[in-house]
Amino acid sequence: MASRGKLKTTLEYVVARAALSTLGALPRPMSIASGRAIGRLAYLLGGRLRRTAIRNLELAFPELEPDEKKRLLRGCFDSLGRQLGEFSQLARVTPEELQRIVDCEGLEHLQAAQARGRGVILFTGHLGAWELSSFALSALGRPLSFMVRRIDNPRIEEMVNAVRTRFGNQTIDKNAVSRAALRHLNEGGTLGLLPDVNMLAREGVFVDFFGTPASTTSMPAKLALRTGAAVVPIYVPWDAERQRFVMRIESPLVVEQTGNDEVDVIQLTSQFMSSIESIVRRYPEQWLWIHKRWKTRPPGEPDLYQ
């Protein structure tokens, strides 16, 4: 059984490395076109993912006609394919080349937050080219640490991590994030997070996302309230008019402390999700609709995906 597991790990790695290497060897326009073609193929073959996405779109945009929901869903797979093509290029892209791909707006917000010296929680959502949010900042000379869920295949994880950390970033395993993150923020560091995924009930709090309670990690809010770190949103959507990604760093959230820790955590977590909802409403075809965001339900509520 052990040898069978090792063979599976090796085969998965060979396929993933071959795919990324092949796309990465292409000129960028061809790599992006190929990635988008893979996204369209995944749309055709991914029946279960399509069903999840359509249900999510029903919850988020009940007013939309079925054809419009399908258009957004096709856009989601197209966006994922584009990011695959872009990611394949990151192993060899130079900072100068990256600046021709990504426009940066609002860097002064991050600079001011970092100048406070009390740490920065930089958060984004699974929208557009979210991998570029940390990668582009490190290429601009502002590396950070960010939380990740390690890929189950350790060889693929090592390959992906080498790209993510190429310009000085560091990754923190989400299973050990609290202690490492607290230390990093207390030292004045910048911590990257993606809080827009479903959490088990014991790991999060329920806050509204598109009007439906969603179990959301409470850890970023707890860290901000404990350390006094600034909380700064960052998003990297594809701008069709510019034909470029636009990395937008927004003004910090207002962090209020009432003395009631439970209320403060829920209020700040709600701000996280309100910010992400706002950007998703602007670019709905670029968010990760294939994830069961509302899977965990408050006690007594039915499963929304049955």
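Residues numbered from 1 in each chain as written. Predicted model: local features only at pLDDT ≥ 70, side-chain atom pairs only at ≥ 80, totals over all residues. Heavy atoms only, no water.

Asks: What's the story with the overall build of the protein chain in this structure? I'm lost.
Replies: Scanning the protein chain from terminus to terminus reveals eleven helices and ten strands. Computed over C-alpha atoms, the radius of gyration of the protein chain comes to 19 Å, within 12% of the 19 Å expected from 2.2 N^0.38 for 306 residues, which places it in the range of a compact globule. Along the first, second and third principal axes, the C-alpha atoms of the protein chain reach 55 × 50 × 45 Å. Long-range contacts, defined as pairs at least 24 residues apart, comprise 75% of the intrachain contacts of the protein chain with a sequence gap of at least 6. As presented, the protein chain carries roughly 15,200 Å² of accessible surface, and 53% of it is formed by carbon and sulfur atoms. (Helix = DSSP H or I, 4+ residues; strand = E, 2+ residues; numbered from the N terminus. Rg over C-alpha atoms; globule rule 2.2 N^0.38 Å. Contact = heavy atoms within 4.5 Å. Areas by Shrake-Rupley, 256 points an atom, 1.4 Å probe, with all protein chains shown as cover.)

Asks: Got a minute to help me understand the packing of aromatic side chains in this structure?
Replies: Describing an aromatic ring pair means giving the distance of the ring centres and the angle of the ring planes. Under the definition given, this model contains eleven aromatic pairs. On the basis of an interplanar angle of 80 degrees and a centroid distance of 4.9 Å, the ring pair of Phe209 and Phe210 is categorised as edge-to-face. Each member of the pair Phe209 and Phe210 is classed as buried. An aromatic cluster is built from Phe61, Phe209, Phe210, Trp287, Trp289 and Trp294, whose rings are joined through pairwise contacts. Here the basic side chain of Arg82 rests over the ring of Trp238, its NZ or CZ set 4.0 Å away from the ring centre. (Phe/Tyr/Trp six-rings, centres within 6.5 Å; stacked < 30°, edge-to-face > 60°. Buried < 20%, exposed > 50% of the residue type's maximum accessible area, 1.4 Å probe, protein only. Lys NZ or Arg CZ within 6 Å of the ring centre and 35° of its normal.)

Asks: Please clarify how the pattern of salt bridges should be interpreted in this entry.
Replies: In this structure the tally under the stated criterion is 17 salt bridges. Ionic pairing is found between Glu12 and Lys8, a salt bridge with its closest N-O pair at 2.6 Å. In this pair, Glu12 and Lys8 are both assigned in helix 1 (residues 2-25), four residues apart and thus about one turn of the helix distant. A relative accessible area of 30% places Glu12 in the partly exposed class. Two residues, Glu301 and Arg297, come together in a salt bridge whose shortest N-O distance is 3.1 Å. Among the residues examined, Glu301 registers a relative accessible area of 39% and is labelled partly exposed. Of the residues examined, Arg297 reaches a relative accessible area of 10% and is grouped as buried. Linked through salt bridges whose partners overlap, the residues forming this network are Asp103, Glu105, Asp239, Arg242, Arg244 and Arg248. (Salt bridge = Lys/Arg side-chain N within 4 Å of Asp/Glu carboxyl O.)

Asks: Please explain helix 7 (residues 130-139) as it appears in this structure.
Replies: Along an α-helix, residues three or four positions apart point the same way, because every turn accommodates 3.6 residues. For helix 7, the buried fraction is high: ten of the ten residues fall into the buried class. Within the span of helix 7, buried status applies to Trp130, Glu131, Leu132, Ser133, Ser134, Phe135, Ala136, Leu137, Ser138 and Ala139. Gly141 occupies a position one or two residues after helix 7 and carries a positive phi of about 90 degrees.

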